[in-house]
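Per-entry structural report
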Amino acid sequence: METDINYNNNPLHGIGLKQLITEIVDHYGFEILFAYLNINCFNKNSSIDSSVKFLKKTDWAREKVEAFYLYQFKSLPRASDEQFELPPRDRIIPPGQTPGEPAELSLEDAERLREKRAKKAALRDQDTDHRFKTDKRVSNNARASVSHDSDPWAKWKK
């Protein structure tokens, strides 16, 4: 296994968080960033410095912004399943892929995307809730079917 990884194939290599945020904000603005990423540092009293400060402290938010930079701003194709499991800074972009022009984004598209995500989350929650109720019922039936003779502490209760 190779321990030296060539990060030069990653557009994030050598780019600081402040530079990354500056590029995205200059192109899209804070309103579009909040609409697509739903991170409050882009909504209330937004500035580049305050956003950088928040993103340095919050790994999940930084990874979300870095992924946005790679796949929306740099228009790279979606990463393979193996690479997608890694944080964006650790991903290796195949040598033949080069960054393209930034995607055209609008607030209307962001609203449609938000609705789509909400529907998907509702279905996932409904499925999880259904499975939880089913599992609970099975476990109650399993407990009811256990006889008192199998209780190892039964003779001590007398």
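Residues numbered from 1 in each chain as written. Predicted model: local features only at pLDDT ≥ 70, side-chain atom pairs only at ≥ 80, totals over all residues. Heavy atoms only, no water.

**Quick look at the pattern of salt bridges**
The full count for this structure, using the stated rule, is five salt bridges. The salt bridge partner of glutamate 66 is arginine 89, with a shortest N-O separation of 2.7 Å. Remark: arginine 89 occurs in the loop between α5 (81-84) and α6 (107-145) and glutamate 66 occurs in helix α4 (residues 59-73); sequence separation between them is 23 residues. For glutamate 66, a relative accessible area of 2% puts it in the buried group. Arginine 114 is the partner of glutamate 111 in a salt bridge, and the nearest nitrogen-oxygen pair spans 3.5 Å. With glutamate 111 and arginine 114 both in helix α6, this residue pair falls three residues apart, about one helical turn. (Salt bridge = Lys/Arg side-chain N within 4 Å of Asp/Glu carboxyl O. Helix = DSSP H or I, 4+ residues; strand = E, 2+ residues; numbered from the N terminus. Buried < 20%, exposed > 50% of the residue type's maximum accessible area, 1.4 Å probe, protein only.)

**Quick look at unusual backbone geometry**
Of note, asparagine 38 is a non-glycine position whose phi angle comes to about 55°, a positive value. Among the structural elements, asparagine 38 can be located in the loop between α2 (30-37) and α3 (48-57). At asparagine 45, a residue that is not glycine, the phi angle is positive and equals roughly 45°. Looking at where asparagine 45 falls in the secondary structure, it is placed in the loop between α2 and α3.

**Points about α2**
Extensive coverage of α2 is indicated by the burial of seven of its eight residues. Phe30, Ile32, Leu33, Phe34, Ala35, Tyr36 and Leu37 are the residues of α2 that are buried. Note on α2: the residue one or two positions beyond its end, asparagine 38, has a positive phi of about 55°.

**Section: the packing of aromatic side chains**
Tallied over the entire structure, the rule returns five aromatic pairs. Between the aromatic rings of tyrosine 28 and phenylalanine 73, the centroid separation amounts to 6.2 Å while the plane-to-plane angle is 75°, which identifies the pairing as edge-to-face. Of this pair, tyrosine 28 sits in the loop between α1 (17-27) and α2 while phenylalanine 73 sits in helix α4, and the two are 45 residues apart along the sequence. Considered together, tyrosine 28 and phenylalanine 73 belong to a single accessibility category, that of buried residues. (Phe/Tyr/Trp six-rings, centres within 6.5 Å; stacked < 30°, edge-to-face > 60°.)

**Overview of the confidence of the model for the chain**
Detailed reading of the predicted coordinates is not advisable wherever pLDDT falls low. Confidence in the prediction of the chain, expressed as mean pLDDT, is 80, and 77% of residues score 70 or more. When the elements of the chain are averaged for pLDDT, helix α7 (residues 154-157) gives the smallest value, 63, and α1 the largest, 93. (pLDDT = per-residue confidence, 0-100.)

**Remarks on the side chain of serine 51**
Here serine 51 lies in helix α3. Apart from the residues within four sequence positions on either side, serine 51 is in contact with Ile21, Phe30, Cys41 and Phe42. (Contact = heavy atoms within 4.5 Å.)

**Here's the deal with α4**
Because each turn of an α-helix spans 3.6 residues, side chains separated by three or four positions end up pointing in the same direction. Taking 1.5 Å of rise per residue, 15 residues should cover 21 Å, and α4 covers 20 Å from first to last C-alpha, within 8% of that figure. Listed in full, the buried residues belonging to α4 are Ala61, Val65, Glu66, Phe68, Tyr69, Leu70, Tyr71 and Phe73. Close packing links the buried residues of α4 with α1, α2 and α3. Positioned one or two residues after α4, serine 75 has a phi angle of 50°, which is positive. (Expected span 1.5 Å × (residues − 1).)

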